[in-house]
Amino acid sequence: MNIEKEINEITGFKNLELLAKQVVEGFISGLHKSPFHGFSAEFAEHKIYNAGESTKHIDWKLFAKTDKLYTKRYEEETNLRCHLIVDNSSSMHYPKLKQFNINSLNKIGFSVLASAAIMNLMKRQRDAVGLSIYSEEYEFYSSEKGSERHHQMLLQKLQEALRSLKEKSTTETYQHLHLIAEKLKRRSLVFLFTDMLQSDVEAEKLFEALQHLKYNKHEVILFHTFDKKHEVNFDFNNRPKRFVDVETGEHINLYADNIKHQYEEAIQDYFQELQLRCAQYRIKYVSTNINDSFNKILTTYLVERQKFG
């Protein structure tokens, strides 16, 4: 056994599905009077069971009383299609963690758990979900389905994304988004989790790729993930530090206080530009600090789902 490898191996979440369920149930319990009509998939009526249909919703209690087969129909049966896109590039693995829980998350950990929680809501709503994961390469793609087997497979792929150690790998997000846009044939709600860390030239190409999704009539929601304490507020002590670009390996040695003011101005300008561009292209922009709760993410899903028509 390679002890060093075992010590350094990232284990991910102990039970991603259970944790996602807890996140969702905590969220739902906080919705005292839900503004989301039909959210709970309320029972509506019975209909006669036809041979060949799924037996999943047969009312067996009613069968015992009437000796006839009826199935339950629900208010919110739907064919909504959603596609989750997760950026798994090197920068998304900041800060580096060996184990994950709801109180200890980096950007990829937050994105994975948020995606799993959205999937849990989709499962409750009987929505079909697909998933794409990319880094320097297109790691995984699955079209939209609603089966339990499919749901479990996607959870496994999300868990694997946490364990993939990314060392000095550059990512061209726009190329992958163009590929995904070509694959999505039917109109869908598209959720993208990314930190949007691109060069100026690549940023232009990235918005062209987001527009590609919009041209295909998809509704696009950008969850812009970041660590506010370090990546926005540049909250480091003023000892000499080496700052390393995790994608290129380039580094610079400096005292944080020497550039803090200029850095904060530059990052705020960049964030404002992102929001303006998203508004221009009618892309829903959601500022996503990984140290906040998941309520904003789940509320956004419910609102956009209700608007989708």
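Residues numbered from 1 in each chain as written. Predicted model: local features only at pLDDT ≥ 70, side-chain atom pairs only at ≥ 80, totals over all residues. Heavy atoms only, no water.

- Going by what an unreviewed UniProt entry lists, the protein is known as DUF58 domain-containing protein and is assigned to Aequorivita viscosa.

1. Quick look at the overall build of the protein
Phase 1: The helix and strand tally for the protein stands at 10 helices and 10 strands.
Phase 2: Per-residue burial for the protein yields a buried fraction of 45% across its 309 residues.
Phase 3: For the protein, contacts bridging at least 24 residues in sequence account for 77% of all contacts bridging at least 6.
Phase 4: Only carbon and sulfur atoms are counted for the fraction: they give 49% of the accessible area of the protein, which is about 16900 Å². (Helix = DSSP H or I, 4+ residues; strand = E, 2+ residues; numbered from the N terminus. Buried < 20%, exposed > 50% of the residue type's maximum accessible area, 1.4 Å probe, protein only. Contact = heavy atoms within 4.5 Å. Areas by Shrake-Rupley, 256 points an atom, 1.4 Å probe, with all protein chains shown as cover.)

2. Topic: the pattern of salt bridges
Should the charged atoms of two oppositely charged side chains come close, the side chains can pair.
Phase 1: One pass over the full model with this rule turns up 14 salt bridges.
Phase 2: A salt bridge links arginine 124 to glutamate 25; its shortest N-O distance comes to 3.6 Å. A residue pair is termed long-range when its members are at least 10 positions apart, and arginine 124 in helix α4 (residues 107-125) and glutamate 25 in helix α2 (residues 16-29) qualify at 99 residues.
Phase 3: The shortest N-O distance in the salt bridge between arginine 187 and glutamate 219 comes to 3.6 Å. Pair noted here: arginine 187 is in the loop between α6 (173-183) and β6 (189-194) and glutamate 219 is in strand β7 (residues 219-226), with a separation of 32 residues, a long-range link.
Phase 4: On the basis of relative accessibility, which here comes to 32%, the residue arginine 187 falls in the partly exposed class. (Salt bridge = Lys/Arg side-chain N within 4 Å of Asp/Glu carboxyl O.)

3. Considering α2
Phase 1: Taking 1.5 Å per residue, 14 residues should reach 20 Å; α2 reaches 20 Å between its end C-alpha atoms and fits that length.
Phase 2: For α2, the full list of buried residues reads Leu16, Leu19, Ala20, Val23, Val24 and Phe27. For α2, the buried positions fall inside an angular range of 135° around the axis, keeping them on one side.
Phase 3: For α2, the secondary structure elements touched by its buried residues are α4, α5 (148-163) and α10 (295-307).
Phase 4: The N-cap residue of α2 is asparagine 15: its side-chain oxygen and the backbone nitrogen of glutamate 17 are 3.4 Å apart. (Expected span 1.5 Å × (residues − 1). Arc of directions from axis to C-beta. Polar contact = N/O pair within 3.5 Å; in protein donor to acceptor, adjacent residues only side chain to side chain.)

4. Focus: the confidence of the model for the protein
Phase 1: Across the protein, the average pLDDT comes to 82, with 83% of residues at 70 or higher.
Phase 2: For the stretch residues 1-8, pLDDT sits under 50, and the model shows 2 contacts to residues farther than four places along the chain or on other chains.
Phase 3: Long-range and interchain partners of residues 37-44, a stretch whose pLDDT sits below 50, account for 24 contacts in this model, where long-range means more than four residues apart. (pLDDT = per-residue confidence, 0-100.)

5. Things to note about the sheet that holds β6
The pairing of strands in a sheet comes from backbone hydrogen bonds and takes either a parallel or an antiparallel form.
Phase 1: With mixed pairing, the 6 strands of this open sheet are ordered in space as β5-β4-β3-β6-β7-β10. A strand with exactly one partner marks an edge of an open sheet, and here the two such strands are β5 (138-145) and β10 (284-289). Each strand axis lies, on average, 15° off the axis of its neighbour in the sheet, ignoring direction.
Phase 2: Across 7 bridges, strand β3 (residues 81-87) lies against strand β4 (residues 128-134) in parallel orientation. The residue of β4 that forms the bridge with histidine 83 is glycine 130. (Pairing = 2+ DSSP bridges. Axes fitted to C-alpha atoms, helices over the stretch in contact; angles between N-to-C directions.)

6. Brief notes about the environment of leucine 69
Phase 1: Inspection of the secondary structure assignment puts leucine 69 in the loop between α3 (60-66) and β2 (70-74).
Phase 2: In this structure the C-alpha to C-alpha distance between leucine 69 and isoleucine 48, which are 21 residues apart in sequence, comes to 6.3 Å.
Phase 3: In this structure, leucine 69 is in contact with Ile48, Tyr49, Ile58, Trp60 and Phe63, ignoring residues within four places of it in sequence.

7. Focus on empty space enclosed by the protein
Phase 1: By the definition in use, this model includes 1 cavity of 30 Å³ or more.
Phase 2: Around the largest cavity, the lining residues are Met119, Met122, Lys123, Asp127, Val129, Lys145, Gly146, Ser147 and His151.
Phase 3: If one sorts the elements of the lining of the largest cavity by residue count, α4 sits on top with 3 residues.
Phase 4: Within the lining of the largest cavity, the residues separate by chemical class into 3 nonpolar, 3 polar and 3 charged. (1 Å grid on protein atoms, 1.4 Å probe; cavity = no way out; pocket = protein on both sides within 12 Å on 5 of 7 lines; lining within 4 Å. Points joined across faces, edges and corners; volume = space filled by probe spheres on them. Nonpolar A, V, L, I, M, F, W, Y, C, P; charged D, E, K, R; others polar.)

8. Observations regarding the packing of aromatic side chains
When we look at a pair of aromatic rings, we describe it by the centre distance and by the angle of the planes.
Phase 1: Under the definition given, this model contains 9 aromatic pairs.
Phase 2: Between phenylalanine 110 and phenylalanine 294 the ring centres are 4.6 Å apart and the planes differ by 15°, which places this aromatic pair in the stacked class. In this pair, phenylalanine 110 sits in helix α4 while phenylalanine 294 sits in the loop between β10 and α10, placing the two residues 184 residues apart along the sequence.
Phase 3: By relative accessible area, phenylalanine 294 is classed as buried at 6%.
Phase 4: Between phenylalanine 191 and phenylalanine 223, the ring centres sit 5.9 Å apart and the planes meet at 10°, which makes this aromatic pair stacked. (Phe/Tyr/Trp six-rings, centres within 6.5 Å; stacked < 30°, edge-to-face > 60°.)

9. So, the pairing of β3
Phase 1: Of all 7 residues that make up β3, 7 are buried, and the element is covered over most of its length.
Phase 2: The alternating pattern of β3 places Arg81, His83, Ile85 and Asp87 and Cys82, Leu84 and Val86 on opposite faces, both of which are buried.
Phase 3: Taking the sense of rotation as the criterion, the β-α-β connection linking β3, α4 and β4 turns out right-handed.
Phase 4: In this structure, β3 lies alongside β6, joined through 5 bridges in parallel fashion. (Right-handed = clockwise from strand over helix to strand, strands pointing away.)

10. Remarks on the nonpolar core
Phase 1: Within the largest apolar cluster, 47 residues are counted, with the highest numbers of intra-cluster contacts made by Phe13, Leu84, Ile118 and Phe191.
Phase 2: Residue assignment for this core shows that the elements contributing at least two residues are α2, β3, α4, β4, α5, β6, β7 and α10.
Phase 3: Broken down by element, the residue count for this core peaks at 11 residues, all from α4.
Phase 4: When residues no more than four places from it in sequence are discounted, the contact partners of phenylalanine 191 are Cys82, His83, Leu84, Ile85, Met122, Ile221, Phe223 and Tyr301.
Phase 5: Residues Leu184, Leu192, Leu222 and Tyr281 belong to the second largest nonpolar core, which totals 26 residues. (Core = buried A, V, L, I, M, F, W, Y, C linked by side-chain atoms within 4.5 Å.)

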